[in-house]
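# Overview (structure and organization)
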Amino acid sequence: MYKLLIFDWDGTIIDSAARIISSMQQAARDLDQPELTDDAVRNIIGLGLPEAIRVLIPGVDEAVIPDMRERYGYYYLGADTTPTALFEGVESTLTNLKDKGYRLAVATGKSRRGMQRVFDETGLEHLFELSRCADETTSKPDPHMLYEILEQSGVDAKDAVMIGDTEFDLEMGVRAGMDTIAVSYGAHHIDRLKQFNPILEMHAFPELENWLTDKSMNS
């Protein structure tokens, strides 16, 4: 049914919302910025860091953004010990999908440095053919990173699907002309994702393999 499965990372592959929230809040405190609520930070998960900071702190001085990025990275990449873990069934499902011939990619709001770190920590990099990060291209929901993935892979939009847990993921997929799959267990409530008419609402990661198998058998 699809040749290429494109995954968001945070909130789709890995349960990292709590650490993202804590790290962003601590970064704001370090720089005497307004206090950030949990809901406010959860809402920007998926955006590139500069874009996220501008949403969180309206009218922020542009000179503050590099310092916020540095402070956030300091906490998220080491100083903050809030646990992050793969969602249940992720590794086995991804392995099975790759073994069945699906090509896998990542489209993330993370930086390349952050992406490489989690690849190293999880040991999942070998499963993905390619990845694009927000600091290498434009931030979600602009579809440019998907266009780049499609061009690099040589796959048409109709033969790819974008899988994610935020409005930014699904809007990006729709704007790129591809089907989308909405993840209900991530950062944004599933009701927010339904407006993009996803082809599937996924409530646990292994459901993806089961659905694709059913679709291929009935096609």
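Please refer to the structure higher up on the page.
Residues numbered from 1 in each chain as written. Predicted model: local features only at pLDDT ≥ 70, side-chain atom pairs only at ≥ 80, totals over all residues. Heavy atoms only, no water.

### A short note on unusual backbone geometry
Rule in force here: Helix and strand assignments follow DSSP, with helices taken as H or I runs no shorter than four residues and strands as E runs no shorter than two, numbered in order from the N terminus.
The omega angle of the peptide bond from Lys-140 to Pro-141 is 5 degrees, so this bond is cis rather than trans. The backbone of Asn-197 shows a phi angle near 50 degrees, a positive value even though the residue is not glycine. With respect to the secondary-structure elements, Asn-197 resides in the loop between helix 9 (190-193) and strand 8 (200-202).

### What about the sheet that holds strand 7 (residues 179-183)?
Condition: Note: two strands are recorded as paired if DSSP finds a minimum of 2 bridges between them. Here an axis means a line fitted to C-alpha atoms, over the contact stretch when the element is a helix, while the angle between two N-to-C directions is reported on a 0 to 180 degree scale.
Read across the open sheet, the 6 strands follow the order 5-4-1-6-7-8; overall the sheet is parallel. Strand pairing shows two members of the sheet lacking a second neighbour, strand 5 (130-133) and strand 8, which therefore form its edges. Shown here is a sheet whose adjacent strand axes are inclined to one another by a mean of 20 degrees, direction ignored. Two strands pair when backbone bridges link them, and strand 1 (residues 4-7) and strand 6 (residues 160-164) are joined in this way by 4 bridges, in the parallel orientation. Of the residues in strand 6, the one forming a bridge with Ile-6 is Met-162.

### Topic: empty space enclosed by the protein
As a reminder of what qualifies: Every definition here rests on a 1 Å grid over the protein atoms only: cavities are sets of points where a 1.4 Å probe fits but cannot get out, pockets are open sets enclosed by protein on both sides within 12 Å along at least five of seven lines, and lining residues have some atom within 4 Å of a point. Grid points are joined across faces, edges and corners, and a volume is the space filled by probe spheres set on the points. We call Asp, Glu, Lys and Arg charged. Ala, Val, Leu, Ile, Met, Phe, Trp, Tyr, Cys and Pro are nonpolar, and the rest, Gly among them, are polar.
Using the criterion set out here, one finds 1 cavity of 30 Å³ or more in the structure. Around the largest cavity sit Ile-14, Arg-19, Tyr-76, Thr-84, Arg-117, Val-118 and Glu-121, which together line it. When residues in the lining of the largest cavity are grouped by element, the largest group, 3 residues, is from helix 6 (residues 112-122). In terms of residue class, the lining of the largest cavity is built from 3 nonpolar, 1 polar and 3 charged.

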